[in-house]
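# Overview (structure and organization)
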Amino acid sequence: MKQLSIIITYHNETPDQVRRAFASVTMQVDVDFSDIEVALIGDGVAAMPNDLFQAPRGLVVRQLNYQPSRGAGVARQVGIDHTAGNYFMFIDADDELSDVFALRDMLAPTREHDHDLIIARYTKQQYRRDGFNYALSAKYDWKAAYGKLYHREYIKRIGLTWHPDLRIFEDTYFVGLACELAQDRFYLDKPVYVWLWNPKSTVRKNGHEFDHQLHTWAESNRYILEILRQQKPSVWPRDFYEYMADLFYREKQHPAVDPDAFIAEHTKLLVENRSLWTDEGQEQVRKLIIRDSEPGGRRVGWSTAGMEKYLSVQIKLLRHAFDEAQNHA
């Protein structure tokens, strides 16, 4: 078994973009390429010319393409299913590894111990009117698929796969659960990956319409809470209350592009977690909403006006769902 499988997924990227992502792998130093394999997964597109991927001696490179497009999550799962490395990692085809020592540094901790996860940092390229600038990710990022090594046996043991119904917010589900359920996380305080600016990427295209897909965001969180309820009930209430507090602000900042679809998905989540919506639970959500608006919070300076109305709406949604269930009984 090889030590590392690198899964590069592509959909609407140009050959030059895919070649750049691949070259950032082949330019690595102080690694044994015979212990690495690369899988290039084309999501709903034809294969790239093989001559784009000139590999150093020992490096195994394969392409796998399928129709129709099913999204980045499915593409990554196809990559997992068709590789066999002890660890696997993801590179989006419009990104690249940060420097020639990225793989060396990420693999170093695995030489002494099989950690469930290696979590490194990444650099985010941002475009402003005066040009590009760069921001470093948080040290303990639990959201982005990249900049991480996943231990294959650990992921298999917890039964985690990329959810086929999620074409966006798929990282929220897979990465969040992989990090939450891990018992052995190694944090590498170094950027190993560059999230390059691409105005056509899923999270940036159409004026950041991605942020307004609250129905899919709620759906992703519903799947997460279902798994936590089963596998780690000790953190299930915490994550539910944090979702409810976060939603209060998200609805203000990113109104749902499809309100009916959002209400339907959010109501399902409420119903499935209704045992937590007690007086004590509502008070916990109040505290989180207020905390987030205070110094050190995630929404510093944001108004909490409308909080009580927001909470009362949740009660009405639950009552309506209960009445509907009674009418259909």
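As a reminder, the structure under discussion sits directly above these lines.
Overview of the structure. Every value quoted in this text rests on a predicted model; they were computed, and no experiment measured them.

### A few points about the packing of aromatic side chains
- Following the criterion strictly, the structure yields 21 aromatic pairs and no others.
- Taking 6.0 Å as the distance between ring centres and 40 degrees as the angle between the ring planes, the aromatic pair formed by Tyr 146 and Trp 195 counts as tilted. Pair noted here: Tyr 146 is in the loop between β7 (131-136) and β8 (148-151) and Trp 195 is in strand β9 (residues 185-195), with a separation of 49 residues, a long-range link.
- Here the aromatic rings of Phe 240 and Trp 277 are separated by 6.3 Å at their centres, their planes lie at 90 degrees, and the arrangement is edge-to-face. Separated by 37 residues along the polypeptide, Phe 240 in helix α8 (residues 236-253) and Trp 277 in the loop between α9 (259-272) and α10 (279-293) bring together distant segments of the chain.
- Classification of Phe 240 as buried rests on a relative accessible area of 0%.
- In this structure an aromatic cluster arises from ring pairing among Phe 88, Phe 90, Tyr 150, Trp 162 and Phe 174.

### So, the pairing of strand β6 (residues 117-128)
- Counting buried positions over the 12 residues of β6 gives nine, a clear majority of the element.
- Pairing of β6 with β8, which is carried by three bridges, proceeds in the antiparallel orientation. Paired with Ile 119 across the two strands is Lys 148, which belongs to β8.
- Looking at chain direction, β6 and β9 are connected through eight bridges and run parallel. Residue pairing for β9: Leu 117 is matched across the bridge by Arg 185.
- For β6 and β7, the ladder comprises six bridges, and the chain directions are antiparallel. Of the residues in β7, the one forming a bridge with Gln 126 is Asn 133.

### Points about the pattern of salt bridges
- Under the counting rule described, the total for this entry stands at 25 salt bridges.
- Glu 283 is the salt-bridge partner of Arg 286, the closest N and O atoms lying 3.3 Å from each other. With Arg 286 and Glu 283 both in helix α10, this residue pair falls three residues apart, about one helical turn.
- Residue Arg 286 is joined to Glu 308 by a salt bridge in which the shortest nitrogen-to-oxygen separation is 2.8 Å. One end of the pair, Arg 286, is in helix α10; the other, Glu 308, is in helix α11 (residues 307-328), with 22 residues separating them in the sequence.
- Judged by its relative accessible area of 43%, Glu 308 is partly exposed.

### Some points on a nonpolar patch on the surface
- A cluster of nonpolar side chains, contributed by Tyr 127, Phe 132 and Tyr 134, occupies part of the molecular surface with about 360 Å² of accessible area.
- Within the secondary structure layout, Phe 132 lies in strand β7.

### Regarding the environment of Val 45
- Tracing the chain through its elements places Val 45 in the loop between β2 (36-43) and β3 (60-66).
- Separated by 187 residues in sequence, Val 45 and Lys 232 have C-alpha atoms that sit 38 Å apart.
- Beyond its immediate sequence surroundings of up to four residues, Val 45 is in contact with Tyr 10, His 11, Asn 65, Tyr 66 and Gln 67.

Parameters and conventions
Within every chain, residues take consecutive numbers counted from 1 along the sequence as written. Since the coordinates come from a predicted model, pLDDT governs what is reported: local features require at least 70, and pairs of side-chain atoms require 80 or more to be given and counted, while whole-chain, interface and lining totals use all residues. Think of the side-chain values as coming from all heavy atoms in the structure, minus any hydrogens and water. Any two rings among Phe, Tyr and Trp, with Trp reduced to its six-membered ring, count as a pair given centres within 6.5 Å; such a pair is stacked if its planes are under 30 degrees apart, edge-to-face if over 60, and tilted if neither. Going along the chain from the N terminus, every DSSP run of H or I of four or more residues is numbered as a helix, and every run of E of two or more is numbered as a strand. Note on classification: 1.4 Å probe, protein chains only; a residue is buried when its accessible area is under 20% of the maximum for its type, exposed when over 50%, partly exposed between these limits. DSSP bridges decide pairing: two strands pair if at least two such bridges lie between them. What counts as a salt bridge is simple: a side-chain nitrogen of Lys or Arg found within 4 Å of a carboxyl oxygen of Asp or Glu. Residues forming no salt bridge and having over 30% relative accessible area are the ones grouped into patches, like charges within 9 Å of each other and nonpolar side chains (Val, Leu, Ile, Met, Phe, Trp, Tyr) within 5 Å. For accessible areas, the Shrake-Rupley method is used with a probe of radius 1.4 Å. Any residue's cover is judged against the shown protein chains and nothing else. Whether two residues are in contact is decided by their heavy atoms: any pair within 4.5 Å suffices.

In short, the description is geometric, and any link to function would need to be established separately.
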